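As a plain string of letters, each chain reads:
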Amino acid sequence: NLKFNFIFKNNKIKIFNSYFRNKYLSFNSSSLITLQPYFSSQSSFVVEDINHSLIKKINLKNIFNLKEIFKQLDIKNEILYKPKKFSGSAIDELSLKIDLAYGRLEYHKILKVDGNNFKCKGSINLIEEFPNLDFDCSVNTSSKKKILSLFSLKQKVNNEIFTLNTIGNLGILNKKINFKKITSNNYEASKEDLEYFKNQFEKILLDEDLLKVFNKKKIKEFILEIS
């Protein structure tokens with residue numbers, strides 16, 4: 001179901017009071033679309049509900065076959081997902097900004113889960129034959145125990161502030177990852193450590209479909225392996 005109001009004037013379409021809903025997804029949105037002298041759009045979305053099985057239906061190879069379309073798009077999107085209370089979602093809030101122009105996508109993401117903050121920013125060239133996702137990510141929490149509990153880990157650790165920063169790139173189609181830098185509290189990974197983390201990440205988290213990298217059981221296994 002889709003409802004919206006719009007105004008068309010001076011080769012621009014302003015869409016407002018827009019509401020979309022099906023069995024997988026529901027959101028409110030507003031957009032400003034410019035048709036001439038070239039196509040561009042600016043949109044904001046407030047997601048009310050999402051069925052996570054929708055993510056499993058995504059076919060990355062089909063998406064990256066749209067290279068000619070990506071070259072022609074100029075899009076800026078802001079997405080906010082804040083599940084309703086008692087929805088059963090583990091996510092407190094997700095904020096995502098995406099800018100796409102001439103096939104190059106830049107992103108900035110903030111994810112909040114049980115008082116833990118996960119931030120990522122980076123870019124990817126969608127028209128490359130083998131696109132690499134550059135990332136600069138960080139994790140911040142007031143309690144190391146709290147973040148371990150997200151993955152049902154009950155290791156004996158000091159209940160201290162925990163920070164983790166990682167910089168690297170991820171091969172979307174060939175499922176390869178390279179870590180350029182990893183730091184945590186007073187630790188900085190050596191060249192040998194970075195290679196070890198790379199091998200374990202590919203072995204445990206990238207052994208199947210790329211989207212399964214967010215599987216909690218796999219993340220738990222990875223943490224246990226490198227601890």
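In what follows, the structure referred to is the one given above.
All figures in this text were calculated on a predicted structure; none of them were measured in a lab.

Participant: I'd like a description of the overall build of the protein, backed by residues and values.
Facilitator: Assigned secondary structure in the protein consists of six helices and 12 strands. Seen through its C-alpha atoms, the protein measures out along the principal axes to roughly 60 × 45 × 30 Å. Burial status across the protein gives 33% buried among its 227 residues. Sequence-distant contacts, at least 24 apart, represent 37% of the contacts inside the protein between residues at least 6 apart. With the model as given, the accessible surface of the protein reaches about 15,100 Å², and the carbon-plus-sulfur share is 54%.

Participant: Hey, could you go over helix 5 (residues 191–204) for me, with residue numbers and the actual values?
Facilitator: Given 3.6 residues to a turn, an α-helix orients residues that are three or four positions apart in the same direction. Its 14 residues place the ends of helix 5 20 Å apart at the C-alpha level, agreeing with the 20 Å of an ideal helix rising 1.5 Å per residue. Taken residue by residue, helix 5 has Leu194, Phe197, Lys198, Gln200, Phe201, Glu202 and Ile204 as its buried positions. The elements touched by buried residues of helix 5 are strand 11 (176–184), strand 12 (187–188) and helix 6 (216–226).

Participant: Account for the pattern of salt bridges, naming residues and giving values.
Facilitator: Under the defined criterion, the tally for this structure stands at seven salt bridges. In this structure, Lys198 engages Glu202 in a salt bridge whose closest nitrogen and oxygen atoms are separated by 2.7 Å. Here the residue Lys198 and the residue Glu202 both occupy positions in helix 5, the gap between them amounting to four residues, near one helical turn. Accessibility assignment for this pair places Lys198 and Glu202 in one class, buried. Linking Asp207 and Lys218 is a salt bridge whose minimum nitrogen-to-oxygen distance equals 2.7 Å. Of this pair, Asp207 sits in the loop between helix 5 and helix 6 while Lys218 is found in helix 6, placing the two residues 11 residues apart along the sequence.

Participant: Now, about the packing of aromatic side chains: what can you tell me, with residues and values included?
Facilitator: Overall, the coordinates contain seven aromatic pairs when judged by the stated rule. Residues Phe27 and Phe45 carry aromatic rings whose centres are separated by 5.4 Å and whose planes lie at 75° to one another, so their mutual orientation is edge-to-face. Residue Phe27 is found in strand 3 (residues 25–34), and its partner Phe45 is found in strand 4 (residues 40–50); the two are separated by 18 residues along the sequence. Classification of Phe27 by relative accessible area gives buried; the value is 15%. Aromatic side chains Phe179 and Phe201 sit 5.8 Å apart centroid to centroid with 80° between the ring planes, which places their arrangement in the edge-to-face category. Placement of the pair is Phe179 in strand 11 and Phe201 in helix 5, with a sequence separation of 22 residues.

Participant: Tell me about the sheet that holds strand 9 (residues 132–141), and please be specific about residues and values.
Facilitator: A sheet is described by the order of its strands in space; here 12 strands give the open sequence 1-2-3-4-5-6-7-8-9-10-11-12, paired in mixed fashion. At either end of the open sheet lies a strand with only one pairing partner, and these are strand 1 (2–9) and strand 12. Here eight bridges tie strand 2 (residues 12–21) to strand 3, and the two strands are oriented antiparallel to one another. Counted as the bridge partner of Ile15 is Ser31 from strand 3. The strands touched by helix 5 are strand 11 and strand 12; relative to strand 11, the strand with the most contacts, the crossing angle is about 130°.

Participant: Give a description of the nonpolar core that names residues and reports values.
Facilitator: With 41 residues, the main nonpolar core has Phe179 and Phe201 as its most contacted residues. In contact with Phe201, not counting residues within four places along its chain, are Ile177, Phe179, Leu206, Val213 and Phe222.

Participant: So what about the packing of helix 5 against helix 6? Which residues, and what values?
Facilitator: Close contact between helix 5 and helix 6 brings their axes to 10 Å; oriented N to C, the two are set at 150°. Between helix 5 and helix 6, the angle is such that the two are roughly antiparallel. The chirality of how helix 5 crosses helix 6 is right-handed. Here Tyr196, Phe197, Gln200, Phe201 and Ile204 of helix 5 lie close against helix 6, whose contacting residues are Lys218, Glu221, Phe222, Glu225 and Ile226. The residue makeup of the contact of helix 5 with helix 6, split by class, is six nonpolar, one polar and three charged.

Participant: Now, about unusual backbone geometry: what can you tell me, with residues and values included?
Facilitator: Look at the link from Gln36 to Pro37: it is a cis peptide, with omega at 5°. For Pro37, the location among the structural elements is in the loop between strand 3 and strand 4. Phi angles above zero are rare outside glycine, and Asn11 is one such case at about 60°. Among the structural elements, Asn11 can be located in the loop between strand 1 and strand 2. For Asn11, a relative accessible area of 33% gives the class partly exposed.

Calculation notes
- Residue indices follow the written sequence of each chain, beginning from 1 at its first position.
- Reporting of local features is limited, given that this is a predicted model, to residues whose pLDDT is at least 70; pairs of side-chain atoms are given and counted only at 80 or more, and all residues count toward the totals for whole chains, interfaces and linings.
- To obtain the side-chain values, all non-hydrogen atoms of the structure were used and water was disregarded.
- Helix numbers and strand numbers start at the N terminus; a helix is a DSSP run of H or I with at least 4 residues, a strand a run of E with at least 2.
- Accessibility here uses a 1.4 Å probe with only protein chains present; expressed as a share of the type maximum, an area under 20% marks a residue as buried, one over 50% as exposed, and anything in between as partly exposed.
- Residues count as neighbours in contact if any of their non-hydrogen atoms are within 4.5 Å of one another.
- Note that accessible areas follow from Shrake-Rupley with a 1.4 Å probe, and for residues the cover is restricted to the protein chains shown.
- Take the number of residues in a helix, subtract one, and multiply by 1.5 Å to get its expected span.
- Salt bridge, as used here: a side-chain nitrogen of Lys or Arg that lies within 4 Å of a carboxyl oxygen of Asp or Glu.
- Pairing of aromatic rings covers Phe, Tyr and the six-membered ring of Trp, with a centre-to-centre limit of 6.5 Å; geometry is then stacked below 30 degrees between planes, edge-to-face above 60, and tilted otherwise.
- Any two strands are treated as partners once DSSP identifies two or more bridges connecting them.
- Whenever a helix is involved, its axis is fitted only over the stretch in contact; in every case the axis is a line through C-alpha atoms, and angles between N-to-C directions fall within 0 to 180 degrees.
- To qualify as a nonpolar core, a set must consist of buried Ala, Val, Leu, Ile, Met, Phe, Trp, Tyr and Cys residues joined through side-chain atoms within 4.5 Å.
- Angles are sorted into four bins: roughly parallel if under 35 degrees, roughly antiparallel if over 145, roughly perpendicular if 65 to 115, and oblique for all others.
- In this scheme, a crossing is called left-handed if the near helix is turned counterclockwise away from the far one by less than a right angle; it is called right-handed if the turn is clockwise.
- Residues were grouped as follows: Ala, Val, Leu, Ile, Met, Phe, Trp, Tyr, Cys and Pro as nonpolar; Asp, Glu, Lys and Arg as charged; and all remaining residues, including Gly, as polar.

It is worth stressing that arrangement in space is one thing and function is another; only the former is reported here.
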